[in-house]
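A closer look at the structure
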Amino acid sequence: MKNPVKGEWYKSSRSGKQSDCVEVFHSEDMTKVRDTKDNGRGPVLEFPADTWTKFVDSRVWES
């Protein structure tokens, strides 16, 4: 996994061009994911940083 942007929300590089976008936020020990179209008002999923790294490195979406 590339070095993630820390301390700010950014659009995922895996997001599409329409409304199927997610934003990601990395801190030292946590990664958060939210739906872009909710403008920061919707639910936020939180994952321990090491779990997120394992998910990204697995490339499971390419199966």
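Structure first, text after, so check above.
Below you will find a few notes about this structure. (Residues numbered from 1 in each chain as written. Predicted model: local features only at pLDDT ≥ 70, side-chain atom pairs only at ≥ 80, totals over all residues. Heavy atoms only, no water.)

A few words on the pattern of salt bridges. A full pass over the atoms with the stated rule returns 5 salt bridges. K32 serves as the salt-bridge partner of E46, at 3.9 Å between the closest nitrogen and oxygen. Of the two residues, E46 sits in strand β4 (residues 44-48) while K32 sits in strand β3 (residues 30-35), which places them 14 residues apart along the sequence. Since its relative accessible area comes to 48%, E46 is described here as partly exposed. Take K32: its relative accessible area is 27%, and that puts it in the partly exposed class. In this structure, D35 engages K37 in a salt bridge whose closest nitrogen and oxygen atoms are separated by 2.8 Å. Residue class for D35 comes out partly exposed when judged on its relative accessible area of 24%. (Salt bridge = Lys/Arg side-chain N within 4 Å of Asp/Glu carboxyl O. Helix = DSSP H or I, 4+ residues; strand = E, 2+ residues; numbered from the N terminus. Buried < 20%, exposed > 50% of the residue type's maximum accessible area, 1.4 Å probe, protein only.)

In short, the description is geometric, and any link to function would need to be established separately.
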